[in-house]
Amino acid sequence: MRVDLLTREFPPHVYGGAGVHVTELAKVLKEHAAVHVHAFDGERESSVPGVELSGYDYPEGLKGANDAVRTLGVDLEMVKDIEGADLVHSHTWYANMGGHIASILYGIPHVISAHSLEPLRPWKREQLGGGYDLSSWIERTAYESAAGIVAVSRAMREDILKCYPAIDPDKVRVIHNGIDLEDWQAPKTDEEWAAAREYFATYGLDPDKPTIIFVGRITRQKGVPGLLRALKHVPADVQVILCAGAPDTPEIAAETRSLVEDLQHERDGIVWIEEHLPHDKIVALEACSTTFVTPSIYEPLGIVNLEAMAVGLPVVGTATGGIPDCIDDGVTGTLVPIEQLDDGTGTPIHPEKFERDLGEALAAMVADPARAKEMGKAGRKRAEDHFAWSAIAVKTMEFYNDILAQR
């Protein structure tokens, strides 16, 4: 079987969870099928042995056009190279139309992995303007025509069927994101621990002090401003690391900078790392921290949760979207309740209460390092038992075969 994966992101150009997902999926699927990846950001060599990669630039003739229109240009470039595939599998709206058109043109099934949904991200209008209406049309058209849809969590499946009621529920299957358990693990030797602690200290941090760490992009859905406000409910001697870059808009970038600067004037140990760190550096920072935090107001699953769990950290996260699929409340971390508007934005109805509850949950976690460590061990085991990529590959191939058998 030949499977073509269509994606916005693929190494070395990976910016978020969807890019991590496609990369890891390609690594494990190649053991079961011939895998061809089609990605944005131009031609380059495949970083995954055994996986063929075709890269595409935005068409020169669309320079200056709306970003959604330029995206369609790349999708059309992809389509010509998909001929010969048995199945096409697209990821995010950026690549959905390429998969949809290839399905029509070559008579092959189109599978979509739902990493997010445009109707639940209305703040993207700030980025795309009228292009948001176009991206929403692309997504709806592709989803309603797809042969199968992978939902990365139970909540995502519910969201898909709510946003697109024309979809047959039998076409939507829950297959969680996975985690590379070898890449994401705490140091094993004294030398590795010493190196991690040394790197941690380069930011002026003490590896023996309680530390909260966040890793993610600065977007409305990730809830970074709410987290920064929640920290007023956390003792001032607790260190905080924000590995947070790639802001969606100048407005949220400015808001985040203002909140960080205010905190840094009030207390020590607030470190904001804006550059994209390689995963071994993130592992070092996480391994020396006490807890991970996911303050998202919209999160289909959250690969960063799985990465932190695999390193051995407890996770304090919002009880929304797919986060409860990751966190076993009271065992591997803490779920923070939230009441949200049902208008697609996920905006907290009582933001001050949510921020207080989040801050108090974080304070409770770092106040008991022994408990946090035990939860971290339980989180590693949960990652091993439920989120290994090898198991995800088998479930994905079963879905492909079920779809092909129906044709």
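From a predicted model like this one, the values you see are computed outputs, not experimental measurements. (Residues numbered from 1 in each chain as written. Predicted model: local features only at pLDDT ≥ 70, side-chain atom pairs only at ≥ 80, totals over all residues. Heavy atoms only, no water.)

## Focus on the overall build of the protein chain
From N to C terminus, the protein chain includes 15 helices and 13 strands. The globule rule puts the C-alpha radius of gyration for 407 residues at 22 Å, and the 21 Å found for the protein chain is close to it. Principal-axis analysis of the C-alpha atoms gives the protein chain an extent of 60 × 45 × 40 Å. Going through the 407 residues of the protein chain one by one, you find that 57% of them count as buried. (Helix = DSSP H or I, 4+ residues; strand = E, 2+ residues; numbered from the N terminus. Rg over C-alpha atoms; globule rule 2.2 N^0.38 Å. Buried < 20%, exposed > 50% of the residue type's maximum accessible area, 1.4 Å probe, protein only.)

## Topic: the pairing of strand S12 (residues 315-318)
Neither face of S12 is exposed, since Val315 and Gly317 on one face and Val316 and Thr318 on the opposite face are all buried. Here strand S11 (residues 291-294) runs beside S12; their pairing, made up of three bridges, is parallel. Directly across from phenylalanine 292, in S12, lies its bridge partner valine 315. Remark: the S11/helix H11 (residues 303-311)/S12 crossover connection has right-handed handedness. Across four bridges, the pairing between S12 and strand S13 (residues 333-336) is parallel. Opposite threonine 318, over in S13, you have valine 336 as the bridge partner. (Pairing = 2+ DSSP bridges. Right-handed = clockwise from strand over helix to strand, strands pointing away.)

## Brief notes about the packing of aromatic side chains
This structure, assessed with the given rule, holds five aromatic pairs. Here the aromatic rings of phenylalanine 40 and tyrosine 94 are separated by 6.2 Å at their centres, their planes lie at 85 degrees, and the arrangement is edge-to-face. Placement of the pair is phenylalanine 40 in strand S2 (residues 34-40) and tyrosine 94 in helix H3 (residues 93-106), with a sequence separation of 54 residues. Judged by its relative accessible area of 1%, phenylalanine 40 falls in the buried class. Residue tyrosine 94 is classed as partly exposed on the basis of its relative accessible area of 24%. Taking the centre distance of 5.5 Å and the plane angle of 90 degrees together, the rings of tyrosine 199 and tyrosine 203 count as edge-to-face. (Phe/Tyr/Trp six-rings, centres within 6.5 Å; stacked < 30°, edge-to-face > 60°.)

## Focus on the side chain of threonine 141
Position of threonine 141 relative to the elements: it lies in helix H5 (residues 131-145). Ignoring any residue separated from it by four or fewer positions in sequence, one finds threonine 141 in contact with Met97 and His100. (Contact = heavy atoms within 4.5 Å.)

## Considering the pattern of salt bridges
The tally for this structure, following the rule as stated, stands at 20 salt bridges. Across the salt bridge formed by lysine 80 and aspartate 81, the nearest N and O atoms sit 3.7 Å from each other. A relative accessible area of 48% places lysine 80 in the partly exposed class. Taken together, the shared-partner salt bridges connect Arg220, Arg229, Glu255 and Glu355 into one network. (Salt bridge = Lys/Arg side-chain N within 4 Å of Asp/Glu carboxyl O.)

## Overview of the side chain of arginine 2
Examined against the element boundaries, arginine 2 turns out to sit in strand S1 (residues 2-7). In contact with arginine 2, not counting residues within four places along its chain, are Ala34, His36, Asp81, Ile82, Glu83, Gly84, Ala85, Asp86 and Leu87.

## A look at the packing of helix H10 (residues 279-287) against H11
At their nearest, the axes of H10 and H11 sit 10 Å apart, and the two run at 65 degrees to each other. At the point where H10 passes H11, the crossing takes the right-handed sense. Of the residues in H11, those in contact with Val283, Glu286 and Ala287 of H10 are Glu307, Ala308 and Val311. Counted by class, the contact of H10 with H11 contains four nonpolar, no polar and two charged residues. (Axes fitted to C-alpha atoms, helices over the stretch in contact; angles between N-to-C directions. Left-handed = near helix turned anticlockwise from the far one by under 90°. Nonpolar A, V, L, I, M, F, W, Y, C, P; charged D, E, K, R; others polar.)

## Some points on the sheet that holds S11
Two orientations exist for strands paired in a sheet by backbone hydrogen bonds: parallel and antiparallel. Pairing is parallel in the open sheet, where six strands are placed in the order S10-S9-S8-S11-S12-S13. The outermost strands of the open sheet, each flanked by one partner alone, are strand S10 (270-273) and S13. Adjacent strand axes in the sheet meet at a mean angle of 20 degrees, parallel and antiparallel pairs treated alike. Relative to S10, strand S9 (residues 239-245) runs parallel, the two being bridged by four bridges. Paired with cysteine 243 across the two strands is isoleucine 273, which belongs to S10. The strands touched by H10 within the sheet are strand S8 (211-217), S9, S10 and S11, with S8 carrying the most contacts at an inclination of about 150 degrees.

## Quick notes on unusual backbone geometry
Residue proline 12 is bonded to the preceding proline 11 through a cis peptide linkage, with omega at 5 degrees. Locating proline 12 in the fold gives a position in the loop between S1 and helix H1 (17-29). The phi dihedral of aspartate 41 is positive, around 80 degrees, even though this residue is not glycine. Within the element layout of this structure, aspartate 41 appears in the loop between S2 and strand S3 (52-56). Aspartate 41 sits in the partly exposed class, given a relative accessible area of 26%. Even without being a glycine, threonine 92 presents a positive backbone phi close to 70 degrees. Note on placement: threonine 92 falls in the loop between strand S4 (87-91) and H3.

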